[in-house]
Each structure stands twice: as structure tokens, then as C-alpha cells.
Amino acid sequence: MKGGVLILGATSAIARAAAAAFAARGRSLYLAARDTDELARTASDLAIRYGVDVAFGPFDADDLPGHAKILEDAEARMGRIDGVLLAFGLLGDRGKWTREVDEALRIIQVNFTDAVSILVHCAAYFERRRSGFIIGLSSVAGDRGRRSNYPYGAAKGALSLYLQGLRGRLHPAGVRVLTVKPGFVDTPMIYGLPGTFLVASPQRVGEAVVRALERGKDVAYVPWFWRPIMAIVKLLPEALAKRLDF
């Protein structure tokens with residue numbers, strides 16, 4: 001694995017872990033997020049630890065008109081971009097999205113609309129080159145609507161469907177699209193959240209993301225045991241599921 005990887009939302013715990021996994025394999029990196037001070041610290045750490053070229057630049061998922069520029073910036077700095085990891089997301093505040101329209105729509109905006117916008121640019125970029133890969137971080141929450149997080153789950157479910165269709169579209173061009181569905185991960189996003197279980201470390205998830213790409217997977221549940229768990233959850237009769245607080 002030789003070319004550069006653009007990581008969107010690079011200050012998240014999962015993104016940093018995936019960046020380390022890519023760097024350990026000799027990949028150069030372009031880290032993109034809103035907090036450029038944090039990006040600078042992360043870039044310096046990765047460059048020193050792994051001896052790879054690590055650049056960074058600002059990226060705001062809500063700035064839809066600016067989405068095309070991030071690919072230009074990354075290419076200008078790295079020379080060649082072989083892949084993109086889309087790692088930004090927003091769980092939202094349950095105390096707000098159950099009663100405030102703006103909070104519910106904000107969750108949909110960040111997790112789906114913003115993601116689709118940048119994915120359109122990424123798809124066109126790699127399709128022109130007839131190579132490359134796109135990794136989208138979705139979630140097991142998108143496999144079934146549950147009362148605890150249904151705006152987030154709806155957005156991630158829509159993203160999974162979008163990535164599935166994009167995978168079909170880009171396959172003839174030799175571009176790979178990987179959908180990653182993490183379960184609970186030990187990050188600030190779920191800190192203090194009730195009902196969490198089987199919580200994985202970001203490092204485990206980041207390494208699993210890169211391994212799934214190497215193994216040619218289309219969809220990866222991370223850790224692996226979430227696949228049978230969610231298969232059971234999806235089979236629950238609606239009459240039972242609506243009575244469960246999960």
C-alpha cells in the first residue's frame with residue numbers, strides 16, 4: 001500500500017486510530033478537520049512515530065461549497081491520493097432531538113447530507129482515475145430504527161444504502177467502496193451514554209478498518225461480532241421491538 005489517504009474528520013478517535021494503522025503500513029496521509037491545532041499535533045505524532053509524510057488542512061463538513069477544494073488541496077500537497085476515509089459524524093443530544101426540530105435535522109445534515117456532498121466529489125475524482133478506494137464510517141445503528149437513537153440511525157442507514165449504490169456504480173471503474181459499521185466504541189461520542197455494551201477501543205476499530213480494506217470486503221462490522229448481533233436485532237418482530245428500550 002503506497003499512495004496517500006485523505007482522512008475527513010481526522011480528529012475523531014476512530015479516525016486517528018485508522019490514520020495510525022495506515023501510517024504503520026507506509027501510507028502518507030492528509031488529515032482534514034475543523035480543529036487545525038489538534039490536526040497539527042496528530043500529524044506531528046504520526047510523522048515521528050511512523051516516518052511517513054503527514055500533511056493537514058482545514059475541513060468543515062457543513063461547508064458544502066468548499067468540499068471540492070479539499071481534494072484539490074490534498075492532491076496539491078501529497079501528489080497522489082489513492083483513498084478517502086470519511087470519518088466525521090454527530091450522535092446528537094437525545095434530550096434535544098426528541099423535541100427540537102433543529103437538533104434532529106442537524107443530525108441528519110451532518111451524518112447524511114454532508115457525507116453525500118463530499119462523496120459525490122470523491123466518487124468523481126476516483127472514477128476519472130479508474131482506481132482508488134472510499135471508506136465510509138456508517139454504524140450498526142443504521143441497521144434498525146431504535147428508540148434510543150433513531151435520527152442518528154436513520155441517517156447512518158441512509159448512508160449505508162448510499163454507499164451500497166455507490167459501490168455498484170464505481171465497481172466498473174475499479175474503485176472500491178467499503179462500508180464500515182462499528183458498534184459501541186470508547187470515544188467521547190458515547191461517554192456517559194446509558195445502555196452501552198461490548199465497547200471496543202478506537203485502536204481496535206481503526207486497525208479493523210484497514211484490515212477490511214486489505215481483505216477486499218464490501219461491508220465490515222467492527223468488531224466482527226456485531227454482524228450476528230444485528231442480524232438477530234433486525235429479525236425481532238415489530239410487536240416486540242417497539243416495547244424494548246434499546
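Please read these numbers as outputs of a predicted model, since none were measured by experiment.

1. Description of the pairing of strand β2 (residues 29-33)
Two faces, one strand: in a regular strand the side chains alternate between the faces of the sheet. Burial of β2 is extensive: five of the five residues sit out of reach of the surface. Residues of β2 alternate between two faces, with Leu29, Leu31 and Ala33 on one and Tyr30 and Ala32 on the opposite face, all of them buried. Sheet analysis places strand β1 (residues 4-8) next to β2, joined by four bridges and oriented parallel. Across the sheet, residue Leu6 finds its bridge partner in β2, namely Tyr30. In this view, the connection linking β1 to its parallel neighbour β2 by way of helix α1 (residues 13-24) has right-handed handedness. In terms of strand pairing, β2 meets strand β3 (residues 54-58) through five bridges, oriented parallel. If you follow Leu29 over to β3, its bridge partner there is Val54. Regarding topology, helix α2 (residues 36-50) serves as the crossover connection from β2 to the parallel β3, and that connection is right-handed.

2. A look at the layout of surface pockets
One number sums up the size of the second largest pocket: a volume of about 310 Å³. The wall of the second largest pocket is formed by 14 residues, among which Ala208, Arg215, Lys217, Tyr221 and Trp224 lie closest to the centre. Within the residue set of the lining of the second largest pocket, elements represented by two or more residues are α7 (202-214) and β7 (219-222). Counting residues per element, the lining of the second largest pocket draws most heavily on α7, which supplies five residues. In terms of residue class, the lining of the second largest pocket is built from eight nonpolar, no polar and six charged.

3. Things to note about the packing of aromatic side chains
Within this structure, the stated rule accounts for seven aromatic pairs. Judged by centre distance (6.5 Å) and plane angle (80 degrees), the ring pair of Phe112 and Tyr162 falls under edge-to-face. Highlighted residues: Phe112 in helix α5 (residues 101-129) and Tyr162 in helix α6 (residues 150-170), separated in sequence by 50 residues. The partly exposed category is assigned to Tyr162, whose relative accessible area is 25%. Measuring from ring centre to ring centre gives 5.1 Å for Tyr125 and Phe126, while their planes differ by 85 degrees; the resulting arrangement is edge-to-face. Since its relative accessible area comes to 4%, Tyr125 is described here as buried. Following the ring pairs from residue to residue traces out a cluster consisting of Trp224, Phe225 and Trp226. The side chain of Arg129 reaches across the aromatic face of Tyr125, ending 3.6 Å from its centre.

4. Looking at the nonpolar core
Formed by 35 residues in total, the largest nonpolar core has its most connected members in Ile7, Phe22, Leu29, Leu31 and Ile135. With eight residues, α1 is the single largest residue contributor to this core. Not counting the four nearest positions on each side in its chain, Ile135 is found in contact with Phe22, Val84, Leu85, Leu86, Leu178, Val180, Val209 and Leu213. Within the second largest apolar cluster, 31 residues are counted, among which are Tyr30, Val84, Val110 and Leu119.

5. Brief notes about α1
In a regular helix each residue adds 1.5 Å, so 12 residues correspond to 16 Å; α1 covers 17 Å between its end C-alpha atoms and thus fits that length. Burial analysis of α1 places 10 of its 12 residues in the buried class, which makes it a mostly covered element. In the core, the buried residues of α1 are packed alongside β1, β2, α2, β4 (81-86), β5 (133-137) and α7. Just downstream of α1 lies Gly26, where phi reads positive at about 90 degrees.

6. Side note on the pairing of β5
Counting buried positions over the five residues of β5 gives five, a clear majority of the element. Every second residue of β5 is oriented toward a common face, with Phe133, Ile135 and Leu137 on one face and Ile134 and Gly136 on the other, all of them buried. Note: β5 against strand β6 (residues 176-182), five bridges, orientation parallel. Looking at β6, one finds that Ile135 is bridged to Leu178.

Parameters at a glance
- Residues numbered from 1 in each chain as written.
- Predicted model: local features only at pLDDT ≥ 70, side-chain atom pairs only at ≥ 80, totals over all residues.
- Heavy atoms only, no water.
- Buried < 20%, exposed > 50% of the residue type's maximum accessible area, 1.4 Å probe, protein only.
- Helix = DSSP H or I, 4+ residues; strand = E, 2+ residues; numbered from the N terminus.
- Pairing = 2+ DSSP bridges.
- Right-handed = clockwise from strand over helix to strand, strands pointing away.
- 1 Å grid on protein atoms, 1.4 Å probe; cavity = no way out; pocket = protein on both sides within 12 Å on 5 of 7 lines; lining within 4 Å.
- Points joined across faces, edges and corners; volume = space filled by probe spheres on them.
- Nonpolar A, V, L, I, M, F, W, Y, C, P; charged D, E, K, R; others polar.
- Phe/Tyr/Trp six-rings, centres within 6.5 Å; stacked < 30°, edge-to-face > 60°.
- Lys NZ or Arg CZ within 6 Å of the ring centre and 35° of its normal.
- Core = buried A, V, L, I, M, F, W, Y, C linked by side-chain atoms within 4.5 Å.
- Contact = heavy atoms within 4.5 Å.
- Expected span 1.5 Å × (residues − 1).

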